[in-house]
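Residue-level structural notes
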Amino acid sequence: MVPTIVLGVLGWRHRALADDGVIFLRTVRQILAGNGPVLNVDERVEANTSTLWQWLLVLLGAITPGDLGFVAVMAGLVLTTAGVAVALDATRRLYTEPAGRLLLPAGVLVPLAVPVFWDYATAGLDTGLGTFWLAGCWWLLVRSRGGTSAGRACADSVWYGLGVLVRPDLALVTGVFLVGALLVARPGRGACVARIAAASALPIAYEVFRAGYYGLLVPMPALTKEAGTSDPGRGMRYLWDFTAPYVLYVPALLFLAVLAAWSIRSRTDRRKLVVPLTPIVSALVVTVYVINLGGDYMHARMLLPAMFLALMPGLLLPATRWTSPAAAIVGVWAVACVGPWHPAAYHGHDASTTARIRDSDIRITGTSNADHTRDWVLTFPGLRESTAAGLAANRPVLVRLGPDGRPTTMLPLNPDHAPARVSIPGGFLGVTGQVVPLDQYIVEVWGLANSVGAHLEYTPGWQHKWPGHRKLIDDVWLLALELDPAMHELSAPGVPGVTPENLAAARHALSCGDLKELLDSTRAPLSPSRFLRNLAGSHHRTTLRIPRDPVAAEHKFCGDRPK
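This section reports on the structure supplied with the text. The shown structure was predicted, so the numbers you read here are calculated from the model rather than taken from an experiment.

For the structure on display, the rule yields 1 disulfide. For Cys512, the disulfide goes to Cys558, at an S-S distance of 2.1 Å. Judged by the sign of its S-S torsion, about 110 degrees, the cystine formed by Cys512 and Cys558 is right-handed. In this pair, Cys512 sits in the loop between helix H23 (500–510) and helix H24 (513–523) while Cys558 sits in helix H27 (residues 550–558), placing the two residues 46 residues apart along the sequence.

Structure below.
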């Protein structure tokens, strides 16, 4: 319990609500208001990658008074600390023979020494839920060594299968743990099929809902980040950006040595190695995937599950003459990492690769514990002013924002967005979702929650941009979607890079073929026939890409323009 309590204190000291965490809250508020799991009313877009975290916040928001952002912060902290406690208990159970042996804290010192683990104990993101789910997988696997009934085995498989609903990339962990559980139990063919079916039931059911409701096979952020692409060079930099500042290779090499020694001692019974190797193999699979993907723009976030998995068999170690020195060295390493001599900028050497969100959020909000939504809302007075000005206009308007967030121009809004009176571009989508009323419209500009933006080809020079920031929607597409079609001349607005010709091409492309069907899949009323059309065409829409040049897009979707 001591490491768990210490981690809870450290997480509390670093508690904060990131803007990416606030993004969840608008969808949660829409659900609680009866508008469904959407960002904007009457537009079905899945803006969040964690299905379970979103619906857990809906449950907590329905029963818990107060600021929903603080509820998310506290839920993350509780789940993180509970997850560490469950994982520690599982590791304790792993070493129950012989009874009464002394166990030393070893791997558990690593999350206590790595500040980024404390950062994501809260942040309003799904990381705490992921930690708790991973710990549950480990606990169930360790328990299964003594045998289990068929019903309990299927129940365990249901838990393993939740990974893709926690985060899509955790489906990899689901697969490895299912294989590990089957190797431990060695069930018959029928039992294997039953376990796989139990693990797949909820993910498949939700996938059918997702495809029919949203018209896609993946959450929109996964589409925007092109989860199937490969950028291993950047991925290796992302890995080094995490491991180098904390000298993580020291505990990694120690635990590899301990595992090798244990393997040699267990050579007469290889089945004993299945349980401790399962989380380690999961960690390797996740790490390889993250490297191949190119990492993330958030420092270390996507590698924290891999770190936690790799540590599971060694969170505690039985005191022996070869494990005691290893635990002592990890203790010295942990003190060195959190000591006053450690650099304050934990990864400032490669800020072009990632951002430490806690540092940037402190600079933006001016507080080290921005744990309520009001901390973000008060930081953007220009956004509040722009929204109020748009709502006060004598007609529905698209508000264009200046660098300070204040309105520069107001253009006639596309009547398709009725009854919305204002459309606001959302660069900081989380805080924009808090400021803009639920019945008004947000046009998300990074493609994370924009039907057209998510399908655009990458911007030129995308290799030098952070993942998730490579599909900034061009003004011509934004105006083609949001501007009143009755407005043909742009001489008054004078938007740079937008001409009447390319605006007309973009509008024409949006009215043709697959591109029109893409918009209809999210904006047409959700009748049973629409649901079935969405379901049938979900794979094609997921793979659809739009040329960034409006003329090329017009040619692709509409053919040659009549002369």
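On to the sheet that holds strand S4 (residues 407–412), then. Sheets are built from strands paired through backbone hydrogen bonds, the pairs being either parallel or antiparallel. The sheet built from 4 strands is open, its strands ordered S4-S3-S5-S6 with mixed pairing. The sheet terminates laterally at S4 and strand S6 (441–444), the two strands that pair on one side only. For this sheet the average axis-to-axis angle between neighbouring strands, irrespective of direction, equals 30 degrees. Sheet analysis places strand S3 (residues 397–401) next to S4, joined by 5 bridges and oriented antiparallel. Note on S4: the bridge partner recorded for Leu398 is Leu411.

Let us now look at unusual backbone geometry. In this structure, Val247 is a non-glycine residue whose phi angle is positive, near 50 degrees. Positionally, Val247 belongs in the loop between helix H13 (232–246) and helix H14 (249–265). Note on Val247: relative accessible area 28%, which makes it partly exposed. Positive phi, normally seen in glycine, also occurs at Ala300, with a value near 70 degrees.

Further remarks concern the nonpolar core. Ranked by internal contacts, the top residues of the largest apolar core, which has 122 residues, are Phe242 and Trp333. It is helix H4 (residues 68–94) that provides the largest number of residues to this core, a total of 11 residues. When neighbours within four sequence positions are excluded, Phe242 is seen to be in contact with Val114, Val116, Leu248, His299, Ala300, Leu303, Leu304 and Met307. Listed in part, the 32 residues of the second largest apolar core include Leu456, Leu544, Ala553 and Phe557.

This paragraph deals with a nonpolar patch on the surface. On the surface, a cluster of nonpolar side chains totalling about 240 Å² of accessible area is made up of Leu172, Leu277, Val281 and Val285. The leading source of residues in the nonpolar patch is helix H15 (residues 274–293), at 3 residues.

Moving on, we get to the pattern of salt bridges. Pairs can form between side chains of opposite charge once their charged atoms are near each other. Within this structure, the stated rule accounts for 23 salt bridges. Asp371 is the salt-bridge partner of Arg15, the closest N and O atoms lying 2.8 Å from each other. Here the residue Arg15 occupies a position in the loop between helix H1 (2–13) and helix H2 (19–32), and Asp371 occupies one in the loop between helix H18 (357–365) and helix H19 (373–377), the gap between them amounting to 356 residues. Here Arg15 matches Asp371 in class, with each residue buried. As a salt-bridge pair, Arg210 and Glu46 come within 2.8 Å of each other at their nearest N and O atoms. With Arg210 in helix H11 (residues 189–214) and Glu46 in the loop between H2 and helix H3 (51–63), this pair connects stretches of sequence that are 164 residues apart.

Following the sequence through the fold, Leu141 ends up in helix H7 (residues 127–143). The class for Leu141 is buried, based on a relative accessible area of 0%. It is 10.0 Å that separates the C-alpha atoms of Leu141 and Ala185, two residues lying 44 residues apart in sequence. If we ignore the near neighbours within four places in the chain, the residues touching Leu141 are Tyr160, Phe177, Gly180, Ala181, Val184, Val275 and Thr278.

So, about helix H22 (residues 475–482). The buried fraction of H22 amounts to 7 of the 8 residues, a majority that puts the element mostly inside the structure. Taken together, the buried positions of H22 are occupied by Val476, Trp477, Leu478, Leu479, Ala480, Leu481 and Glu482.

On to the packing of H22 against H23. In the contact formed by H22 and H23, the axes pass within 9 Å of each other and the chain directions differ by 55 degrees. Taken together, the axes of H22 and H23 are oblique relative to one another. Helix-helix and strand crossings are classified by hand; for H22 and H23 the assignment is right-handed. Residue-level contacts link Val476, Trp477, Leu479, Ala480 and Leu481 of H22 to Asn502, Leu503, Ala506, Arg507, Ala509 and Leu510 of H23.

According to the stated counting rule, one finds 11 aromatic pairs in the structure shown. Taken together, a centroid distance of 6.1 Å and an interplanar angle of 75 degrees make the contact between Phe132 and Trp159 edge-to-face. Here Phe132, found in helix H7, pairs with Trp159, found in helix H8 (residues 150–160); they are 27 residues apart in sequence, far enough to count as distant. According to the relative accessible area criterion, Trp159 is partly exposed, its value standing at 25%. Where Trp240 meets Tyr249, the ring centres are 6.4 Å apart and the plane angle is 10 degrees; that geometry is what we call stacked. By relative accessible area, Tyr249 is classed as partly exposed at 40%. Taken together, Tyr206, Phe209, Tyr213 and Tyr214 form an aromatic cluster joined through their ring pairs. Its guanidinium or amino end placed over the ring of Trp12, Arg15 lies 3.8 Å from that ring's centre, counting from NZ or CZ.

Here is what the cut-offs are and how they apply
Residues numbered from 1 in each chain as written. Predicted model: local features only at pLDDT ≥ 70, side-chain atom pairs only at ≥ 80, totals over all residues. Heavy atoms only, no water. Disulfide = S-S within 2.5 Å. Helix = DSSP H or I, 4+ residues; strand = E, 2+ residues; numbered from the N terminus. Pairing = 2+ DSSP bridges. Axes fitted to C-alpha atoms, helices over the stretch in contact; angles between N-to-C directions. Buried < 20%, exposed > 50% of the residue type's maximum accessible area, 1.4 Å probe, protein only. Core = buried A, V, L, I, M, F, W, Y, C linked by side-chain atoms within 4.5 Å. Contact = heavy atoms within 4.5 Å. Patch = residues over 30% accessible without salt bridge, like charges linked within 9 Å, V, L, I, M, F, W, Y side chains within 5 Å. Areas by Shrake-Rupley, 256 points an atom, 1.4 Å probe, with all protein chains shown as cover. Salt bridge = Lys/Arg side-chain N within 4 Å of Asp/Glu carboxyl O. Parallel < 35°, antiparallel > 145°, perpendicular 65-115°, else oblique. Left-handed = near helix turned anticlockwise from the far one by under 90°. Phe/Tyr/Trp six-rings, centres within 6.5 Å; stacked < 30°, edge-to-face > 60°. Lys NZ or Arg CZ within 6 Å of the ring centre and 35° of its normal.

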